[in-house]
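Structure at a glance
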Amino acid sequence: MREERKVTVNGESHTVVISDEREALLAASAAGRASVAVWDGKNGEFLPAAFAVESPEDADEEFLQRVVRRKLGLPWEICRTERLIIREFAESDADSIPPGETGGPGDGIFQDREKLRAYIGQQYGFCQYGIWAVTDKESGRLVGMAGFGPPAEDLDGLELGYHIFAPWRRRGYGLESCRAVLEWERRELGLPVWARIHRDNTPSLRLAGRLGFQVFREEKEILYLIQNKKAI
């Protein structure tokens, strides 16, 4: 089967090819079109598409918009709150992060266009989650970051990470953004979520407590906390 659907992204109409035929998916790729494979798991043949569904009915408009965005290299919107939009980082965001604003080891990749481009392609493209941009809904300004790091070798689940830039602290953005990404994780993945916080970082420990996290391990200056999802 082969089906074409129209979807609008950023005001422009795009065609998405949905098919269980290898040739049709290859032709769509050659033509620069986004595509979705229909695969029921029974056919062992590899189908050349970045996304797959068991049935064409599973590909709703939001799903197809995300397929097109990934094809075009445009960021996905993850969720919204009363004041914030949380979305994937775009390469251009590297220029909007205030100097010196790194929340921990590895955060420097978000201030380097080349490293950020690689992160977008590898982390978002493969895992479909990561550390996301936190933006002010009204102005569109980048105010911080929040999201999830990959599982650690000795811990199950994902690590929660967040960092609100200094000019926008003390406004509740950290709590608001973390609550939103945790709800997304609960709905989309449902994995255990943990955090590691320096024992002297009182604001972050207080925020973690409000999010339902409890200490389960202590290592020198670092506290490891796990979220009790039933408590919130």
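What this report covers is the structure whose coordinates are included nearby. Computed from a predicted structure; not experimentally measured.

What follows is about the side chain of Thr135. Structurally, Thr135 can be placed in strand 7 (residues 131–136). A polar side-chain atom of Thr135 sits 2.8 Å from the main-chain carbonyl oxygen of Ile85. Contacts of Thr135, omitting those with residues within four sequence positions, involve Arg83, Leu84, Ile85, Arg87, Gly140, Arg141, Leu142 and Val143.

This brings us to the environment of Val68. With respect to the helices and strands, Val68 occurs in helix 2 (residues 61–72). Using a relative accessible area of 3% as the deciding quantity, one classes Val68 as buried. When the C-alpha positions of Val68 and Arg33 are compared, they lie 8.2 Å apart, and in sequence the two are 35 residues distant. For Val68, the residues in contact, after removing those within four places along its chain, are Val7, Val9, His14, Val16 and Ala34.

Burial runs high along strand 2 (residues 12–19): six of the eight residues are buried. When strand 1 (residues 2–9) meets strand 2, the two strands line up antiparallel, connected through eight bridges. Looking at the pairing, Glu4 lines up with Val17 of strand 2. As consecutive antiparallel partners, strand 1 and strand 2 are separated by two residues, and within that stretch Asn10 has a phi angle of approximately 55°, a positive value. In this structure, strand 2 lies alongside strand 3 (residues 34–38), joined through four bridges in parallel fashion. By the bridge assignment for strand 3, Ile18 is matched with Val36. Note that the unit made of strand 2, helix 1 (residues 22–30) and strand 3 has a crossover that is right-handed.

Another point: unusual backbone geometry. Unusually for a residue other than glycine, Gln128 sits at a positive phi of about 70°. Within the secondary structure, Gln128 is located in the loop between helix 3 (113–127) and strand 7.

Okay, the packing of aromatic side chains next. Summed over the entire model, instances satisfying the criterion amount to nine aromatic pairs. An angle of 80° between the planes, with centres 4.9 Å apart, marks the rings of Trp132 and Trp184 as edge-to-face. Taken together, the positions of Trp132 in strand 7 and Trp184 in helix 4 (residues 173–188) put the pair 52 residues apart, joining distant regions of the chain. The same class applies to Trp132 as to Trp184, namely buried. A connected cluster of aromatic rings, assembled from ring pairs, spans Phe89, Phe110, Tyr119 and Tyr124. Positioned over the ring face of Trp76 is Arg70, at 4.0 Å from the centre of the ring.

About the cut-offs
Residues numbered from 1 in each chain as written. Predicted model: local features only at pLDDT ≥ 70, side-chain atom pairs only at ≥ 80, totals over all residues. Heavy atoms only, no water. Helix = DSSP H or I, 4+ residues; strand = E, 2+ residues; numbered from the N terminus. Polar contact = N/O pair within 3.5 Å; in protein donor to acceptor, adjacent residues only side chain to side chain. Contact = heavy atoms within 4.5 Å. Buried < 20%, exposed > 50% of the residue type's maximum accessible area, 1.4 Å probe, protein only. Pairing = 2+ DSSP bridges. Right-handed = clockwise from strand over helix to strand, strands pointing away. Phe/Tyr/Trp six-rings, centres within 6.5 Å; stacked < 30°, edge-to-face > 60°. Lys NZ or Arg CZ within 6 Å of the ring centre and 35° of its normal.

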